[in-house]
Amino acid sequence: MAEIILGIESSCDDTSAAVLDGELLLSNVMASQKVHEQYGGVVPELASRAHQQNILPVVHQAVHQAGITLDQVDAIAYTRGPGLLGSLLVGTSFAKGLALSADIPLVDVNHLHGHILSHFIRQNGKEYDPPRFPFLALLVSGGHSQIVRVDDFLNFTVIGRTIDDAVGEAFDKCAKLLGLGYPGGPIVDRLAAQGDARRFTFAKPNISGLDYSFSGVKTSLLYFLRDKIAEDPAFPADNMADICASFQKTLIDVLMKKLIMATKQTGITSVVIGGGVSANSGLRNRILEEGAKRRWKTYLPELRFTTDNAAMIAIAGLYKYRAGFRSSLYDAPVSRALDYADICSNSK
Ligand code: KG4
Ligand code: ZN
């Protein structure tokens, strides 16, 4: 056996625990929280309470399914941030308590670092072809939209980031404006597949360099719907698939433009995507298409590793552990995204 890492993730509304034997995945248990659907978004207080209820059974099951005992665990890797503070506190406190009582080293992990390194998880019976360094990562989630240059397991440089909203927020907002429920991304994705993406156009941002902006696209949809509904209240219902397809295409065009620019600027043509929005079928197809056209080597995460999961936290923890990083009981959770360097570089 290689290093056994127990990963714990609780940054938003999924409680998850996973066990790795080196890069090999032994278990990945998730408890998703349905309670937020009725509110149209994650309610932080309810999320923390659900994490409290779920964390012990989820960790217990992950250890059990992996067929190991706690005394075989070499390190506990937990999400320290970014995320909702109350949610992070549950995972952080649990990880610390377990580490202290069982005398196991602790390794803190940046959630975003985990999304990117999820490409290195090995699974029994599946081909293993992880990306080679250096590569570019398009990290797209509910809270972040970034282009990251990855030179090594622990050497990350954010070369482009959103200056306002994340692309996942734009998907969720679109669904909300159309009365489609939460989380909106998967619903918009499904409807978009049946629609005409060239039917409507929305304003695209004009931001210099590799940075993104999504607030203008959102506002453009808001005004578009307001004007159309004033003429015909049934407009959204009658044109739902075309609106979703056109809006989704706009978001993907924006993402791709800067990603293409980044490959040209850096000369790096290995491209990975990660984060919740990397489940989007339109984005996945476009990455493959552009990649084939431009001779990129592209890597799409398996769908179960696109949403928040502890396997990705365990793999990032594994590489930090191998590099000698250990975290202390004094490390507090961090709700806001710090640069990777800041959150990766605590006690060694
Ligand atoms: O990474 P994630 O699970 O949580 C954060 O770290 O934020 O990302 C959640 C985001 C939500 O905005 C959700 O609507 C979006 O990912 N999402 C999608 C799809 N699946 C999830 N967006 C577009 N298409 C999808 N299929
Ligand atoms: Zn995430």
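**Student:** Could you give an account of the side chain of threonine 15, with specific residues and numbers?
**Tutor:** Here threonine 15 lies in strand β2 (residues 14-21). Only 2.8 Å separates the side chain of threonine 15 from the side chain of histidine 51, close enough to count as a polar contact. Apart from residues lying up to four places away in sequence, threonine 15 is in contact with Glu9, Val29, Met30, Ala31, Gln33, Ala50, His51, Asn54, Ile55 and Val58.

**Student:** Break down the site of ligand 1 for me, with residues and values.
**Tutor:** The local shell around ligand 1 holds 19 residues, among which Gly142, Asp172, Asp189, Gly276 and Asn280 are the closest. For ligand 1, an oxygen atom lies 3.1 Å from a polar atom in the backbone of glycine 185. Asparagine 280 is positioned with one of its side-chain polar atoms (N or O) 3.0 Å from a nitrogen atom of ligand 1. Against a free-state accessible area of 560 Å², the protein chains account for coverage of 87% of ligand 1. For the shell around ligand 1, the elements supplying multiple residues, two or more each, are α3 (111-117), α4 (167-177) and α5 (184-192). The residue inventory of the shell around ligand 1, partitioned by class, reads five nonpolar, 11 polar and three charged. If you count residues domain by domain, the shell around ligand 1 takes at least three from each of domain 1 (4-127 + 305-344) and domain 2 (135-302).

**Student:** Summarise the sheet that holds strand β8 (residues 155-161); cite the residues concerned and give the values.
**Tutor:** Strand pairing in a sheet relies on backbone hydrogen bonds. The paired strands run either parallel or antiparallel. The mixed open sheet is built from five strands, whose spatial order is β8-β7-β6-β9-β10. Each edge of the open sheet is held by one strand with a lone partner, namely β8 and β10 (297-299). Between one strand and the next, the sheet's axes are offset by a mean angle of 25°, whatever the strand orientation. Pairing analysis gives four bridges linking strand β6 (residues 135-140) to strand β9 (residues 270-274), with the strands arranged parallel. Its bridge partner lying in β9, leucine 138 is registered against isoleucine 273. Running at roughly 160° to β6, helix α8 (residues 240-266) makes contact with β6, β7 (145-152), β8 and β9 of the sheet.

**Student:** Break down the domain arrangement of the protein for me, with residues and values.
**Tutor:** Under the domain assignment, the protein is made up of domain 1 (4-127 + 305-344) and domain 2 (135-302). Domain 1 and domain 2 are separated by 27 Å when their C-alpha centres are compared. If you look at the interface, domain 1 gives 23 residues, while domain 2 gives 26 residues. Put simply, lysine 126 and glutamate 302 hold a salt bridge, and the shortest N to O gap is 3.3 Å. Linking domain 1 with domain 2 are eight residue pairs in polar contact (both at pLDDT 80 or more), by the criterion used here. When residues of the side of domain 1 that touches domain 2 are traced back to their parent elements, those giving at least two are α3 and α10 (310-322). For the side of domain 1 that touches domain 2, the leading source of residues is α3, giving five residues.

**Student:** Before we move on, could you go through the environment of leucine 303 and cite the residues and values that matter?
**Tutor:** Tracing the backbone shows leucine 303 in the loop between β10 and α10. Placed 257 residues apart in sequence, leucine 303 and leucine 46 show a C-alpha to C-alpha distance of 26 Å. Setting aside anything within four residues of it in sequence, one finds leucine 303 in contact with Ala279 and Arg284.

Rules and cut-offs
Residues numbered from 1 in each chain as written. Chains lettered and ligands numbered in written order. Predicted model: local features only at pLDDT ≥ 70, side-chain atom pairs only at ≥ 80, totals over all residues. Heavy atoms only, no water. Helix = DSSP H or I, 4+ residues; strand = E, 2+ residues; numbered from the N terminus. Polar contact = N/O pair within 3.5 Å; in protein donor to acceptor, adjacent residues only side chain to side chain. Contact = heavy atoms within 4.5 Å. Near = heavy atom within 4 Å. Areas by Shrake-Rupley, 256 points an atom, 1.4 Å probe, with all protein chains shown as cover. Nonpolar A, V, L, I, M, F, W, Y, C, P; charged D, E, K, R; others polar. Domains from an automatic or database assignment. Pairing = 2+ DSSP bridges. Axes fitted to C-alpha atoms, helices over the stretch in contact; angles between N-to-C directions. Salt bridge = Lys/Arg side-chain N within 4 Å of Asp/Glu carboxyl O.

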